[in-house]
Amino acid sequence: MSESATRDRDQWDVIVVGGGQAGETAAQYASQFSGLSTVLVEEDLIGGECEYWACRPSKALLMPVEARSVGRDLPGVREILGDRPLDVPAVLARRDDIAFHYADPQEVEFLEANGIDLVRGRGRLAGERTVAVTASDGSVRTITATRAVVLATGSTAAVPPTDGLAEALPWTSRDVTALREVPGRVVVLGGGPVATEAVTWLRALGADTTLVHRGPRLLKTMEPFVGEFAARHLAEAGVTLRLDTTVTRVRRPDARQRGIGHLHGGPVTVTLDNGDEIEADEIVVALGRTGGTDDIGLESVGIPAPHGYLDVDDQLTVVGTDWLYAVGDLTGLALLTHFAKYQARVAGEVITARALGRSLTEPPFDSLTTAEYDAVPHVVFLDPPVCDVGLTEAAARGRGIDVETAEYDIAAISGAAISREHYDGRAKLVVDRATDTVIGATFVGSATTELLHSATVAITGRVPVSRLWHAVASFPTVSEIWLRLLETLQLGRRRS
Ligand SMILES: Cc1cc2nc3c(=O)[nH]c(=O)nc-3n(C[C@H](O)[C@H](O)[C@H](O)COP(=O)(O)OP(=O)(O)OC[C@H]3O[C@@H](n4cnc5c(N)ncnc54)[C@H](O)[C@@H]3O)c2cc1C
Ligand SMILES: NC(=O)c1ccc[n+]([C@@H]2O[C@H](COP(=O)([O-])OP(=O)(O)OC[C@H]3O[C@@H](n4cnc5c(N)ncnc54)[C@H](O)[C@@H]3O)[C@@H](O)[C@H]2O)c1
């Protein structure tokens, strides 16, 4: 049904509030095999952060960075590239293509193809199974759901209460991914994926970059060698790193909102805890996210969200209800598009099973209706990239698991050494001794991102290490790292 055709309707089986990747997928999965009528409520562009201001545009900005590095490291290509800088207008033009030129007809088409209705406006719970939608003209309509309401309102960039930071109108992830001009000098605050990725493309596009991070290590949730690897390569690219450093004060006398991706005013002065001052043309805040629980009417149904995220069970049902679901960033469980969509698939199947009166513990729903979090894959698209899945050694030991580990230098693998002249990379496996299965894997280095899924399959499939011996990787691919890791494990076992 078209958007205009939904105007006179006020009831559906399922209402989904928030049309990001999580919301769109929940709507699709709740309706596709159930016959349930579903409506999506979205106040902005359908597709959410990922499509326009996060994953897609950021990766479009990063791909040329790594491609140039690999080319510069390969005789025959190096000579063609020379020291030439990236073609900034061409990179930004492709970024715009990948971000669908900040318009959503392709998503409207997806909804129509899947029989999902659309109501544009801001949704707010107004009681059980009831949502009040405020349109851009200020008019409010109330719609109700016979079965379920799914909240998928995502997250936004957090701006902490540092003296003068909010008043300086810093760039957030939206500005830095949708940048229209490259700041001459830029200070990036943070040490997580957003900060490390953003500083990578800003530097490659020609900015003089400083990254300020309060901790001693970048990407602190990953194995320690990941942060060291990332810091080394960022420094080699010319990024100034100020680790173990806190910003105490920000001043920007001429702060002006000039639109997403444009400089937000004149020069900004950033004061550090050791008294140093950095002057820059822009400041980027990449210090985590705030869950989208603000002003969505949770009080109307008595649901608390003290930490800004909603507590859900493994069926994505909001704790304390049997009709309200939450998926994606809003749950705060894994702020990643692939996990947002995974949770949404689970929630959609749960809604379907419950509507059809089917058991969640019998086929086909038994395998589809419980979300698991043992193997969340993270890829940070740095130059070179880093990635992990499952538990780090420290996290596993913290849970009392008796682990053995294997580490290996990926540069020693033929496939890696052939792929570029100065390969730099490392791999680590964490194995649970009791079950003889892999519970964590980390890879850093070129061409490792596509390798990660093999580890995800090994972990979720609980494949015994003894069986992995028979999973023979092709020569000469970087995947042969698996053999070296298994040999390293064997060596340790035979010695002990
Ligand atoms: C810079 C950056 C890069 C990233 N890169 C990656 C990556 O490479 N890979 C990856 O997996 N993840 C990445 N992420 C994370 C990823 O973007 C999020 O996990 C993902 O977008 C979450 O999807 P979501 O649908 O839960 O939320 P969102 O994308 O935030 O969507 C929520 C939607 O709800 C709408 N909405 C909110 N409130 C209301 C309301 N009351 N009524 C109606 N509509 C409402 C919003 O307008 C929005 O469209 C990145 C994040 C950032 C910031
Ligand atoms: N490639 C990817 O998959 C990708 C890329 C970008 C973002 N993301 C997702 O987006 C989410 C948000 O990323 P992020 O990097 O903004 O957040 P993050 O939470 O991962 O990292 C934020 C960093 O800022 C620090 N910090 C927080 N508050 C601070 C303060 N007041 N002062 C100083 N330091 C402070 C934290 O210690 C942390 O190191 C992540 O959870 C990630 O999953 C994923």
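Quick notes on the rules
- In this numbering scheme, every chain counts its residues from 1 along its sequence in written order.
- Whichever chain is written first becomes A and whichever ligand is written first becomes 1, with later ones labelled in order.
- Under the rules for a predicted model, residues below a pLDDT of 70 receive no local features and side-chain atom pairs below 80 are neither given nor counted, while totals for whole chains, interfaces and linings still include all residues.
- As a rule here, side-chain values come from all non-hydrogen atoms in the structure, and water together with hydrogens is ignored.
- UniProt positions are given in the numbering used here, feature names are shortened, and annotations may be inferred rather than shown by experiment.
- Only a single heavy atom is needed: when it lies within 4 Å of a molecule or strand, its residue is near that molecule or strand.
- Here a polar contact is taken to be a pair of N or O atoms separated by no more than 3.5 Å, where protein atoms must pair a possible hydrogen donor with a possible acceptor and residues adjacent in sequence count only if both atoms sit in side chains.
- In these tables, accessible area is a Shrake-Rupley quantity obtained with a 1.4 Å probe, and a residue counts as shielded only by the protein chains included in the view.
- In DSSP terms, a helix is any run of H or I states spanning at least four residues, a strand is any run of E spanning at least two, and both are numbered starting from the N terminus.
- Residue polarity is assigned by list, with Asp, Glu, Lys and Arg as charged and Ala, Val, Leu, Ile, Met, Phe, Trp, Tyr, Cys and Pro as nonpolar; anything else, Gly included, falls into the polar class.
- Between any two strands, at least two bridges found by DSSP are needed for them to pair.
- Lines fitted to C-alpha atoms define the axes, with helix axes restricted to the stretch in contact, and inter-axis angles between N-to-C directions lie between 0 and 180 degrees.
- Throughout, a contact is declared for two residues whenever any of their heavy atoms are within 4.5 Å.
- Here's how the labels work: a residue is buried when its accessible area is under 20% of the maximum for its type, exposed when over 50%, partly exposed in between, all with a 1.4 Å probe on protein chains only.
- Each pair of aromatic rings taken from Phe, Tyr and Trp, with Trp reduced to its six-membered ring, is defined by centres within 6.5 Å and is described as stacked if the planes are under 30 degrees apart, edge-to-face if over 60, and tilted in the remaining cases.
- Only when the NZ atom of a Lys or the CZ atom of an Arg is both within 6 Å of the ring centre and within 35 degrees of the ring normal do we say a charge sits over the ring.

- The protein has the name Oxidoreductase in an unreviewed UniProt entry, where Asanoa siamensis is given as its organism.
- Among the UniProt annotations of the protein, the heading Cofactor (unreviewed entry) holds the following wording: "FAD".
- According to UniProt, the comment filed for the protein under the heading Sequence similarities (unreviewed entry) is "Belongs to the class-I pyridine nucleotide-disulfide oxidoreductase family."

## Description of the site of ligand 2
- Neighbouring ligand 2 are 18 residues, the closest being Val 194, Glu 197, Lys 220, Leu 335 and Val 379.
- Between an oxygen atom of ligand 2 and a side-chain N or O atom of Lys 220, the distance comes to 2.7 Å.
- In isolation ligand 2 exposes 840 Å². Once the protein is present, 74% of that is buried.
- Considering every element that reaches the shell around ligand 2, the biggest residue donor is helix α8 (residues 193-204), with 3 residues.
- Of the residues assigned to the shell around ligand 2, the class counts are 9 nonpolar, 4 polar and 5 charged.

## Remarks on the sheet that holds strand β14 (residues 282-285)
- The strand order β10-β9-β8-β14 describes an open sheet built from 4 strands, whose pairing is parallel. The strands lining the two open edges of the sheet, one partner per strand, are β10 (240-242) and β14. Taken pair by pair, the neighbouring strands of this sheet meet at an average axis angle of 20 degrees, ignoring direction.
- In the sheet, strand β9 (residues 208-212) pairs with β10 via 3 bridges, with the strands oriented parallel. If you follow Val 212 over to β10, its bridge partner there is Arg 242.
- Running at roughly 165 degrees to β9, α8 makes contact with β8 (185-189), β9 and β14 of the sheet.

## Describing the UniProt feature "domain: FAD/NAD(P)-binding" (unreviewed entry) in the protein
- The feature "domain: FAD/NAD(P)-binding" (unreviewed entry), as given by UniProt, occupies residues 13-341 in the numbering adopted here.
- End C-alpha atoms of residues 13-341 are separated by 21 Å, and the span's content is 29% helix alongside 23% strand.

## Some remarks on the environment of Asp 374
- Structurally, Asp 374 can be placed in the loop between α10 (337-356) and β17 (378-380).
- Looking at Asp 374, the relative accessible area reads 45%, which means it is partly exposed.
- For Asp 374 and Thr 405, which are 31 residues apart along the polypeptide, the C-alpha to C-alpha distance reads 18 Å.
- Excluding residues within four positions of it along the chain, Asp 374 makes contact with Gly 390, Ile 459 and Arg 462.

## Things to note about the packing of aromatic side chains
- Tallied over the full model, the rule gives 4 aromatic pairs.
- Among the aromatic residues, those joined into a cluster by ring pairs are Phe 339, Tyr 342 and Tyr 373.
- Just above the ring of Trp 53 sits the side chain of Arg 174; from NZ or CZ to the centre is 3.5 Å.

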